[in-house]
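# An overview of the molecular structure
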Amino acid sequence: MHYIGPDAIITKRQEYFFPATAHFYKEPPQIVGGSMQYLFDHNNKKYVDFFAGVSVMNCGHSNPQILKDTIEQLNNIQHTTTVYLTQPMVELAQRLAEIFPGDIKRTFFCVTGSEANEGAMALARLYTKKNGFIALTGGLHGRTHLTLSVTGIPMWRLDDHLVKENIFFIERPYSADSSYEEAMDKSLQQLDAVLKSQGNELCAMLVEPIQGNGGIIMYPKNYLKKVKTLLEVHNVLLIADEVQTGYGRTGKMFCIEHYDVVPDIIVTAKALGNGIPISTFSTTDEIAKAYNRPSASTFGGNPVAAQTALSVLHYIEENNLVQRSNELGKYLKQKLEQIASPLIQEVRGCGLMLGVQIQSPSSSVTSAEITDIILEEMKDRGFIIGKNGLNRDVIAFQPPLVISKEDIDAMVVSMEAVLEQISFLYV
Ligand code: PMP
């Protein structure tokens, strides 16, 4: 293949993409290859991928075992309408019922996370016969009209054009200015107030069990239990958006398990297909009955995607990736916590979904600018890491779960060196 190179790609993006389209890095690499936890650019430079395409590639890039199953399925039957009978889709639905928490058993297959959240929201309306939604500030749920409307991160919203009616935001249980407990109490009080005044109009609350784009925000352990109890009083459903957190990412198969609570609807996407688009919204027998029209998606759960997802689940189980995420996540977290730098304010998250909150010790540079410099320097040293947060000043570590201890050690050594270099510049 002839590679046109990063400059030509940026020029074409600027010409043919929508103007607001963004990319990371001042000098972004052109990624042309991937193998498990590694990425390669057009100059054959190797990078250790600590972002996994925002928690998509849990099983690694071009995982040979999964690719083999995908290709075999491509050779057999690539696609037919999902209304016809095919085997991978039902086997996948059955396997998911085995691993989902509580009585969650029935699955509707879609293609993207946004579409699955949209479906979950329609289902909540059908079941409760009410219309309104509660969402958390700092949450992100997709790019369709309704999922954007419940997204609580200003930079992702097209504010003037979204649905406002019957959508209520409450503050997430996190604030840089107070303790987690205080922030939780405030959030619960706001929830209680909204439920008391609007409960008759509300059908569901959407929650990411750890906010990803919002800055790797994990809630106090009993927050979601208290939320669920309040919601139940008003017949309002809890939708767990596990699009970013699902399938082992946080050291449990699903992140909601950390909170000992079972949602009414669970939404998954990203890692389920390990790069092949597939998403789900799933619920109990009782709630599923409310979806009272025959309905299917053109591509949702097609044989190739469903067979790939089965292979992904098999790979996760066979290689103990959930446990690996838990153990290596603890190891990485400890190593990050041990870095002594005035630029690090907090390390948070769990499993292999960790965030480092960057702070600026100087008024001449913002924490977001420092974050960008760290990303660029780490990339030059061969490590792809992510960034997110409301102020774009949280470094995100969400590597493929197949990452090794040696990769972590090497990354942390580089991170320490980069932080040292930058503190020298700004302190
Ligand atoms: N929910 C969450 C938590 C997400 O992180 C994302 C994507 N970043 C979405 C929903 C939307 O998923 P998709 O881009 O596949 O539509």
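Predicted, not measured: the structure shown is a model, and the values here were computed from it. (Residues numbered from 1 in each chain as written. Predicted model: local features only at pLDDT ≥ 70, side-chain atom pairs only at ≥ 80, totals over all residues.)

Tallying secondary structure elements over the chain gives 13 helices and 17 strands in all. A compact globule built from 427 residues would reach a C-alpha radius of gyration of about 22 Å, and the chain, at 21 Å, matches this within 12%. Summarising its shape, the C-alpha atoms of the chain cover approximately 60 × 55 × 45 Å along the three principal directions. Buried residues in the chain amount to 49% of all 427 residues. (Helix = DSSP H or I, 4+ residues; strand = E, 2+ residues; numbered from the N terminus. Rg over C-alpha atoms; globule rule 2.2 N^0.38 Å. Buried ≥ 20, exposed ≤ 12 C-beta atoms within 10 Å, placed from the backbone.)

What follows is about the site of the ligand. Looking at the ligand, there are 16 residues lining it, with Thr 112, Gly 113, Ser 114, Val 243 and Gln 244 nearest. Examining the composition of the shell around the ligand, we find that 3 residues originate from one element, helix H5 (residues 113-128), more than from any other. (Near = placed C-beta within 6 Å.)

Moving on, we get to the environment of Glu 171. Take Glu 171: it is sitting in the loop between strand S6 (167-170) and helix H7 (180-198). The class for Glu 171 is partly exposed, based on 17 C-beta atoms found within 10 Å. For Glu 171 and Ala 135, which are 36 residues apart along the polypeptide, the C-alpha to C-alpha distance reads 8.6 Å. Contacts of Glu 171, omitting those with residues within four sequence positions, involve Thr 137, Lys 186, Ser 187 and Gln 190. (Contact = placed C-beta atoms within 7 Å.)

This part takes up the domain arrangement of the chain. Taken as a whole, the chain is organised into domain 1 (6-62 + 321-426) and domain 2 (77-319). Taking only C-alpha atoms, the centre of domain 1 and the centre of domain 2 are 26 Å apart. In this assembly, 26 residues from domain 1 lie in contact with 27 residues from domain 2. Those elements that place two or more of their residues in the side of domain 1 that touches domain 2 are helix H2 (52-55), helix H11 (321-338), strand S13 (344-350), strand S14 (353-358) and strand S17 (394-397). With 5 residues, the top contributor of residues to the side of domain 1 that touches domain 2 is H11. For the side of domain 1 that touches domain 2, a count of residues per class yields 14 nonpolar, 11 polar and 1 charged. (Domains from an automatic or database assignment. Nonpolar A, V, L, I, M, F, W, Y, C, P; charged D, E, K, R; others polar.)

Core analysis: the largest hydrophobic core is formed by 117 residues, its most contacted members being Ala 124, Ala 204, Met 205, Ile 239, Ile 265 and Ile 385. Residue contributions to this core reach at least three from each of two domains, namely domain 1 (6-62 + 321-426) and domain 2 (77-319). What Ala 124 contacts, discounting residues up to four positions off in sequence, is Cys 203, Ala 204, Leu 237, Ile 239 and Ile 265. (Core = buried A, V, L, I, M, F, W, Y, C linked by C-beta atoms within 7 Å.)

Another aspect to go through is the sheet that holds S17. If you walk across this open sheet you meet the 4 strands as S13-S14-S17-S16, and the pairing is antiparallel. Every interior strand has two partners, whereas the edge strands, S13 and strand S16 (386-388), have only one. Between one strand axis and the next, the sheet turns by 25 degrees as a mean value, whatever way the strands run. The pairing of S16 with S17 spans 3 bridges and is antiparallel. Within S17, the residue paired with Gly 386 across the bridge is Ala 396. The strands that H11 touches are S13, S14 and S17; relative to S14, the one it contacts most, it runs at about 10 degrees. Helix H12 (residues 367-380) contacts S14, S16 and S17 of the sheet and is inclined by roughly 125 degrees relative to S14. (Pairing = 2+ DSSP bridges. Axes fitted to C-alpha atoms, helices over the stretch in contact; angles between N-to-C directions.)

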